[in-house]
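Single-letter residue listing:
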Amino acid sequence: MKMQTLDKAGIARERGIYRVTIVGSVVNFLLLVFKFFAGIMGHSAAMLADAVHSLSDFVTDIIVLVFVRISSKPQDEGHDYGHGKYETLATAIIGIFLLFVGFGIFWNGASSVYLFLQGGSLPEPGMLALAAALVSIVSKEILYQYTVFKGKKLNSQAVVANAWHHRSDALSSIGTAVGIGGAILLGSHWRVLDPAAAVIVSFFIMKVAVGLLIPCVDELLEKSLPADVEEEIQEIILSFPGVSSPHHLRTRRIGNHYAIEVHVRMDGKITLEEAHRTATAIEDKLKEKFGEGTHIGIHVEPTK
């Protein structure tokens, strides 16, 4: 019965992730088409860079859709710990993609700024490009709020990562709007604001990328859970009568789940059945606290 409930919860979670990601992909597709059109017709390098960023959003939506389906698969013969790290891999891919997009925007913007400083001329961006930036700011911020809410509710790292991709696009569009607006209102001597805005925004994008990549690297390198979580695990274990000296505690993340392995001591004179019953009770308590998908291994030793 418990396994059926867990399977239903997993299916509901997967459907929820698909729903929020599909909403984002539709919005991203419409925005990237509009932005490319506005960037070309409005002669705006910043808007074209913004369009590329929206394209990256659309691509990462597809990545989430593919990898979440894989990560939701149950344990099998070749994956004793499940497929949770596929979602971590998806998050890492999003972070790497963001990092490259941010650097690309920086390079293009910096090249245009250098050209302007060398006496070159830059095209004047049009009002269509400014309108596209304003539409992008509003729509992507709404999409961010919706996606991050759903991501936390569904306990999905990849969805939360994708939400930050939406937020970075909104930040990109703010910088784009400032650059385009300044270039339009202040005249030809200030057209450099258009590519300069792209350069500034690229740093925000790369900062978000690094913020996403660090936790992924920690997990892939089997970093232990935070100290406060490990302390809570030990407190739960010691709350059981007759259980003492939790040691050799090993913890890590597997996708959205925890893995906990620990040695505990019990009275050596109790029956094997009683020791097993207590160990099972500890497992149930830990799963109640950290989720049914938590992997738990408890080794029982006699009290010294």
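See above for the structure.
Every residue gets a number counted from 1 within its own chain, in the order that chain's sequence is written. At least 70 in pLDDT is required for a residue's local features to be given in this predicted model, at least 80 for side-chain atom pairs to be given and counted, and no such filter applies to totals for whole chains, interfaces and linings, which use all residues. As a rule here, side-chain values cover all heavy atoms of the structure and leave hydrogens and water aside.

Asker: What is the right way to read the sheet that holds strand β2 (residues 257–266) from this model?
Answerer: In sheet architecture, strand pairing relies on hydrogen bonds along the backbone and comes in two forms, parallel and antiparallel. By the convention used here, strands pair only if DSSP detects at least 2 bridges between them. Strands are runs of DSSP state E lasting at least two residues, helices are runs of H or I lasting at least four, and both sets are numbered from the N terminus onward. One open sheet holds the three strands; their spatial order is β1-β2-β3, and the pairing between them is mixed. Every other strand in the sheet has two partners, leaving β1 (244–254) and β3 (295–302) as the edge strands with one partner each. Strand-to-strand twist across the sheet, computed as the mean angle between neighbouring axes with direction ignored, equals 10°. Pairing between β2 and β3: eight bridges, direction parallel. Simply put, an axis is a line fit to the C-alpha atoms, just over the touching stretch for a helix, and the angle between two N-to-C directions goes from 0 to 180 degrees.

Asker: How do you make sense of the pattern of salt bridges when you look at a structure like this?
Answerer: Charged atoms that come close allow side chains of opposite charge to pair. One speaks of a salt bridge when a side-chain nitrogen belonging to Lys or Arg is within 4 Å of a carboxyl oxygen belonging to Asp or Glu. As enumerated under the stated definition, the model contains four salt bridges in all. The partner of E141 in a salt bridge is R167, with the nearest N and O atoms 2.9 Å apart. Of this pair, E141 sits in helix α4 (residues 127–153) while R167 is found in helix α5 (residues 157–186), placing the two residues 26 residues apart along the sequence. When accessible area is computed with a 1.4 Å probe and restricted to protein chains, residues below 20% of their type maximum are described as buried, those above 50% as exposed, and intermediate ones as partly exposed. Of the residues examined, E141 reaches a relative accessible area of 27% and is grouped as partly exposed. E273 is the salt-bridge partner of R277, the closest N and O atoms lying 3.7 Å from each other. Here R277 pairs with E273, and both are found in helix α8 (residues 272–290), just four residues apart, close to one helical turn. Residue classification places E273 among the exposed positions, given a relative accessible area of 58%.

Asker: What is the right way to read the side chain of S44 from this model?
Answerer: Mapped onto the elements, S44 comes out in the loop between α1 (2–41) and α2 (45–71). Exposure remark for S44: the relative accessible area of 1% places this residue in the buried category. Separated by 3.0 Å, the side chain of S44 and the backbone nitrogen of M47 make a polar contact. Should any heavy atoms of two residues lie within 4.5 Å, those residues are counted as being in contact. With residues up to four places along the chain from it excluded, the contact list for S44 reads G39, P125, A129, I180 and D194. Any N or O atom pair separated by 3.5 Å or less is treated as a polar contact, with the protein-specific requirement of one donor-capable and one acceptor-capable atom, and with residues adjacent in sequence counted only for side-chain atom pairs.

Asker: Is there a simple way to explain the environment of K223 in this structure?
Answerer: Structurally, K223 can be placed in the loop between α6 (193–220) and α7 (227–238). For the pair K223 and T251, spaced 28 residues apart in sequence, the C-alpha separation works out to 8.0 Å. When neighbours within four sequence positions are excluded, K223 is seen to be in contact with D218, T251 and R252.

Asker: Would you mind going over the packing of aromatic side chains with me for this structure?
Answerer: For any pair of aromatic rings, the description rests on two quantities: the centre-to-centre distance and the angle between the ring planes. To pair, rings of Phe, Tyr and Trp, with the six-membered ring standing in for Trp, must have centres within 6.5 Å; the planes then decide the type, stacked if under 30 degrees apart, edge-to-face if over 60, and tilted in the middle. In this structure the tally under the stated criterion is five aromatic pairs. Between F103 and F106, the ring centres sit 6.2 Å apart and the planes meet at 35°, which makes this aromatic pair tilted. A residue pair is termed a helical-turn pair when its members lie 3 or 4 positions apart in one helix, as F103 and F106 do in helix α3 (residues 85–117) at three residues. Using a relative accessible area of 24% as the deciding quantity, one classes F106 as partly exposed. Every member of this aromatic cluster is reached through a ring pair, and the members are F103, F106, W107 and F203. Definition used: whenever NZ (Lys) or CZ (Arg) falls within 6 Å of the ring centre and also within 35 degrees of the ring normal, the charge is taken to sit over that ring. The ring of Y144 carries the charged tip of R167 above its face, separated from the ring centre by 3.9 Å.

Asker: Looking at this structure, how should I read the packing of α7 against α8?
Answerer: Any two packed helices are characterised by how steeply their axes cross, that is the angle between the axes, and by the distance between the axes. It is the contact of α7 with α8, at a shortest axis distance of 10 Å, that shows an interaxial angle of 140°. The way α7 lies across α8 gives a crossing that is right-handed. Of α8, the residues touching α7 (which contributes V229, E232, I233, I236 and I237) are I282, K285, L286, K289 and F290. Amino acids are sorted into nonpolar (Ala, Val, Leu, Ile, Met, Phe, Trp, Tyr, Cys and Pro), charged (Asp, Glu, Lys and Arg) and polar (every other residue, Gly among them). Of the residues contributing to the contact of α7 with α8, the split by class is seven nonpolar, no polar and three charged. In this scheme the crossing of two helices becomes right-handed for a clockwise turn of the near helix relative to the far one and left-handed for an anticlockwise turn of less than a right angle.

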